[in-house]
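Observations on the model geometry
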Amino acid sequence: MEAIDPRHGRFGQALAAARLRSGKKQPALARKLGVSVGHISHIENGRRKLDASVVPEVDDFLAARQRLVRLYEEIYQAGRVDWLGNLHRTQIDSDMVREYQASLFPGPLQQPEYARAAISSGGPWLSKKEIQQRVDFRTQWRKDLLREEGPQYHVVLDDITVVRPIGPSEIMRDQIDAIIKLAEERRVVLQMHGWDQHPHAGLDGPFTLITASGAPDMVHVESIYGGSQSDTAHDVRNFGILFSTLQATARSPQQSIAFLKETRQKYE
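Residues numbered from 1 in each chain as written. Predicted model: local features only at pLDDT ≥ 70, side-chain atom pairs only at ≥ 80, totals over all residues. Heavy atoms only, no water.

Right, let's talk about the overall build of the protein chain for a bit. Helix and strand content of the protein chain: 12 helices and 6 strands. For the protein chain, buried positions account for 44% of its 268 residues. Contacts in the protein chain between residues far apart in sequence, at least 24 positions, make up 74% of those at least 6 positions apart. Across the protein chain, 35 positive and 34 negative side-chain charges occur, with their mean positions spaced 4 Å apart. (Helix = DSSP H or I, 4+ residues; strand = E, 2+ residues; numbered from the N terminus. Buried < 20%, exposed > 50% of the residue type's maximum accessible area, 1.4 Å probe, protein only. Contact = heavy atoms within 4.5 Å. Lys, Arg positive; Asp, Glu negative; His and termini not counted. Charge placed at Lys NZ, Arg CZ, Asp CG, Glu CD.)

Below, the structure is given as structure tokens:
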């Protein structure tokens, strides 16, 4: 028996689930694509691969709201997926972004010199040109996400982000001033989470929850080597619980601003 490519199996299951949610039957999808019902069955069973050229058409026909398109790219795209670029594009089209960071300020909130220090520390092998490109990317990301008509942005930061300096005092001072200004202007809903608070719901690391009216809710889980995204209801629900727990155990927005102003003094 021919071995089933696990990638085909994963996509086939997602395709079948999307078709069932839409109320469509296999013959309807087969007619839409001009193929046999058997061919659709083979794809859903993981024995065949859906041609890349028809994925957007299938996604639209099944009202999958880009779920199948994103999954197909994740599974079959050669090389490393540009997760940061994908996250950037997804966030700027969103209605709400909820983010937790455990050690650094979020990329979109980083001032240029803070971003440069963070990127240089985390990637000592990077050239000056590559570092500058990444700084420029984060600067543009900031402009896109924090534009006046942009999404609601709720952020929970662990205290360690401001207690532990990543560069000279002036870098930390400017970064804290910038985040205080955003919080006071209510462009960002900011809460600082005590590093010694326990139980601590954020010990497994940073993540971002993205809500958009034109697509399923999505969670992005970050790591130093890359990131992964999921829009399955189970994953989104679980990380939603984590974020709610972090918000509940963090300082209020007003208390967080006061904490930041107090902490800033150590960098004078």
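The structure having been displayed, the exposition proceeds.
As enumerated under the stated definition, the model contains 6 aromatic pairs in all. For the pair Tyr100 and Phe207, a centre-to-centre distance of 6.0 Å together with 40° between the ring planes defines the contact as tilted. In this pair, Tyr100 is assigned in strand 1 (residues 96-101) and Phe207 in strand 4 (residues 207-212), connecting sequence segments 107 residues apart. Accessibility expressed as a relative area gives 2% for Phe207, which makes it buried. Here the aromatic rings of Phe105 and Tyr114 are separated by 5.3 Å at their centres, their planes lie at 90°, and the arrangement is edge-to-face. Here Phe105 falls in the buried class, since its relative accessible area comes to 1%. Residue Tyr114 is classed as buried on the basis of its relative accessible area of 1%. An aromatic cluster of three or more residues is present, and its members are Tyr100, Phe207, Phe239 and Phe243. (Phe/Tyr/Trp six-rings, centres within 6.5 Å; stacked < 30°, edge-to-face > 60°.)

Moving on: the pattern of salt bridges. All told, the structure shown has 8 salt bridges when counted by the stated rule. In this structure, the salt-bridge partner of Glu149 is Arg147, at a minimum N-O distance of 3.5 Å. Given a relative accessible area of 26%, Arg147 falls into the partly exposed group. One salt bridge in this structure joins Asp159 and Arg251, with 2.8 Å as the shortest N-O distance. Linking Asp159 in the loop between strand 2 (152-158) and helix 9 (160-163) with Arg251 in the loop between helix 11 (233-249) and helix 12 (253-264), this pair joins segments that are 92 residues apart in sequence. Overall, Asp159 belongs to the buried group, its relative accessible area being 3%. With relative accessibility at 23%, the residue Arg251 sits in the partly exposed group. (Salt bridge = Lys/Arg side-chain N within 4 Å of Asp/Glu carboxyl O.)

With that settled, the discussion passes to the nonpolar core. Soluble globular proteins tend to pack their nonpolar side chains together in the buried interior. Counting 29 residues, the largest nonpolar core has Leu109, Tyr153, Ile179, Val188, Leu190 and Leu260 as its most contacted members. Considering every element that reaches this core, the biggest residue donor is helix 10 (residues 169-184), with 7 residues. Residues contacting Leu190, with those up to four places away along its chain left out, are Val155, Leu157, Ile179, Ala183, Pro253, Ser256 and Leu260. Counting 20 residues, the second-largest nonpolar core is a separate cluster that includes Ala14, Leu62, Ala64 and Leu71. (Core = buried A, V, L, I, M, F, W, Y, C linked by side-chain atoms within 4.5 Å.)

Moving on, we get to helix 7 (residues 112-122). Tyr114, Ala115, Ala117, Ala118 and Ile119 are the residues of helix 7 that are buried. Elements that come into contact with the buried residues of helix 7 comprise helix 8 (128-145), helix 9 and helix 10.

All right, on to the side chain of Asp158 then. Within the secondary structure, Asp158 is located in strand 2. Within the buried set, Asp158 has no salt-bridge partner at all; the shortest N-O distance to an opposite charge, 8.1 Å, is to Arg251. If we ignore the near neighbours within four places in the chain, the residues touching Asp158 are Tyr100, Gln101, Ala102, Met192, His193, Trp195 and His200.

So, about the pairing of strand 3 (residues 189-193). Of all 5 residues that make up strand 3, 4 are buried, and the element is covered over most of its length. The pairing of strand 2 with strand 3 spans 5 bridges and is parallel. Bridge pairing in strand 3 links Asp158 to His193. (Pairing = 2+ DSSP bridges.)

A few words now on the packing of helix 2 (residues 26-33) against helix 3 (residues 37-44). The description of two helices packed together rests on the angle between their axes and the distance between the axes. Two elements in contact, helix 2 and helix 3, have axes separated by 8 Å at closest approach and are oriented at 110°. The angle between helix 2 and helix 3 falls in the class roughly perpendicular. Between helix 2 and helix 3, the residues in contact are Gln26, Pro27, Leu29, Ala30 and Leu33 and Val37, Ile40, Ser41 and Glu44, respectively. Of the residues contributing to the contact of helix 2 with helix 3, the split by class is 6 nonpolar, 2 polar and 1 charged. (Axes fitted to C-alpha atoms, helices over the stretch in contact; angles between N-to-C directions. Parallel < 35°, antiparallel > 145°, perpendicular 65-115°, else oblique. Nonpolar A, V, L, I, M, F, W, Y, C, P; charged D, E, K, R; others polar.)

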